[in-house]
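Topology and contacts: notes
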Amino acid sequence: MTRYLHTMYRITDPERSRAFYEALGFEFRRELPIVRDGELEATNYFFGLPGQEEELELTFNHDGRTYDLGTGYGHIALAVDGMAETLASLKAQGIEPEREPYRLREGGSLLCFVQDPDGYRIELIEKSRA
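Residues numbered from 1 in each chain as written. Predicted model: local features only at pLDDT ≥ 70, side-chain atom pairs only at ≥ 80, totals over all residues. Heavy atoms only, no water.

Further remarks concern the side chain of S17. You can see S17 is positioned in helix α1 (residues 14-23). When sequence neighbours within four positions are dropped, the list of residues in contact with S17 reads I11, L58, P117 and D118. (Helix = DSSP H or I, 4+ residues; strand = E, 2+ residues; numbered from the N terminus. Contact = heavy atoms within 4.5 Å.)

So, in structure tokens, the structure goes:
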């Protein structure tokens, strides 16, 4: 049987990334140092949402390199109970939406995007109550 485990992407500032994902409701679960030939090469930071096993793995390479997002990455999506409340909470922590929440169609879910400290897009979705 196949089971989804995690998504990984690279980050450049572990502290800023941790604050961002915790602001979205993720919990920090563990870190895993990657040591090769006696040198700390990278550290993997694992986050998850309470009550869910699947994880987000953020990898910080200690060599100071930077990354291009590329054209293949789109976004990850999170369900939120209340868009206004979520955005107010994020704003209090210095996180602003890309633009005001919107619907793709009448009666559809309310959508909004925020970006993490490295520019990765996160879609927030409030399901339609109609």
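Here we come to the confidence of the model for the chain. Residue-level pLDDT values for the chain average 93, and 98% of them are 70 or greater. Mean pLDDT values for the elements of the chain range from 93 in strand β6 (residues 102-103) up to 97 in α1. (pLDDT = per-residue confidence, 0-100.)

Throughout the structure, instances matching the rule amount to 9 salt bridges. With a closest N to O distance of 3.6 Å, R29 and E55 form a salt bridge. Of the two residues, R29 is situated in strand β2 (residues 27-36) and E55 in strand β4 (residues 55-61); the sequence distance between them amounts to 26 residues. E55 gets classed as buried once you look at its relative accessible area, which sits at 15%. (Salt bridge = Lys/Arg side-chain N within 4 Å of Asp/Glu carboxyl O. Buried < 20%, exposed > 50% of the residue type's maximum accessible area, 1.4 Å probe, protein only.)

Next up on the list: helix α2 (residues 83-92). All of the buried residues in α2 are M83, T86, L87 and L90. All buried residues of α2 lie within an arc of 95° about the axis, which places them on one face of the element. Those residues of α2 that are exposed and aimed more than 90 degrees away from the buried face are A84, E85 and A92. Buried residues belonging to α2 abut α1, β7 (110-115) and β8 (121-126). Trailing α2 by a residue or two, G94 shows a phi angle of about 85°, which is positive. (Arc of directions from axis to C-beta.)

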